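Okay, here's what each chain looks like letter by letter:
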Amino acid sequence: MLVTGDIITMSDLVAYVDGGSLGNPGPSGIGVVLDGTEGRTIRIAKWIGRQDNNVAEYVALLEALQCALTLKAAKLHVFSDSEVVVRQMKGEYVCRSPRLYSLNWICRKLAHSFDFSISHVRREHNTEANHLANSAARKHLAWPLSISQISTT
């Protein structure tokens, strides 16, 4: 991790991402856990409106990619429990869904900014990101989460 002025950069990042909706579609949230090389962890929980599960999964990936760009990461490895997102990002599945196509295109374009890789992980190995996503979707029913609810440790 490098500190340049007020900007913290991390050369290698690992991200766990998850998106979910209460209903399909329904109130949705994303969860992102970014681990840096220096043991610093960034956790993001964000409400994203009324979406379906696949859109929420892509928005979580997009959030991780944008955060990695902000941190000037050289490498980013993403773990997701969405087999659809992982296989589409790897080019194993063609994205034919009109509502996912633009998200897939943007994520693939941003992924070229890094030494990027993505892997499927079983849901039980993605519990922290899942909890953040569910928390964001549920808590918005009472109060909105915003970028100010990002925690770092």
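This text follows the structure it describes.
Note that the coordinates shown come from a computational prediction; the quantities given were computed from them, not determined experimentally. (Residues numbered from 1 in each chain as written. Predicted model: local features only at pLDDT ≥ 70, side-chain atom pairs only at ≥ 80, totals over all residues. Heavy atoms only, no water.)

1. Focus: the overall build of the chain
- Scanning the chain for helices and strands turns up 4 helices and 8 strands.
- Its helices and strands in sequence order give the chain the pattern β-β-β-β-β-α-β-α-α-β-α-β, from N to C terminus.
- Look at the contacts in the chain between residues 6 or more apart in sequence, and 71% of them connect residues 24 or more apart. (Helix = DSSP H or I, 4+ residues; strand = E, 2+ residues; numbered from the N terminus. Contact = heavy atoms within 4.5 Å.)

2. What about the packing of aromatic side chains?
- Scanning all chains against the criterion turns up 1 aromatic pair.
- Ring centres of Tyr16 and Phe79 lie 4.9 Å apart, and the angle between their planes is 20 degrees; on these two criteria the pair is classed as stacked. In this pair, Tyr16 is assigned in strand β3 (residues 12-21) and Phe79 in strand β6 (residues 75-80), connecting sequence segments 63 residues apart. (Phe/Tyr/Trp six-rings, centres within 6.5 Å; stacked < 30°, edge-to-face > 60°.)

3. Remarks on the pairing of β6
- Taken together, the 6 bridges between β3 and β6 define a ladder with parallel strand orientation. Across the sheet, residue Ala15 finds its bridge partner in β6, namely Val78. (Pairing = 2+ DSSP bridges.)

Geometric values such as these leave the question of function open.
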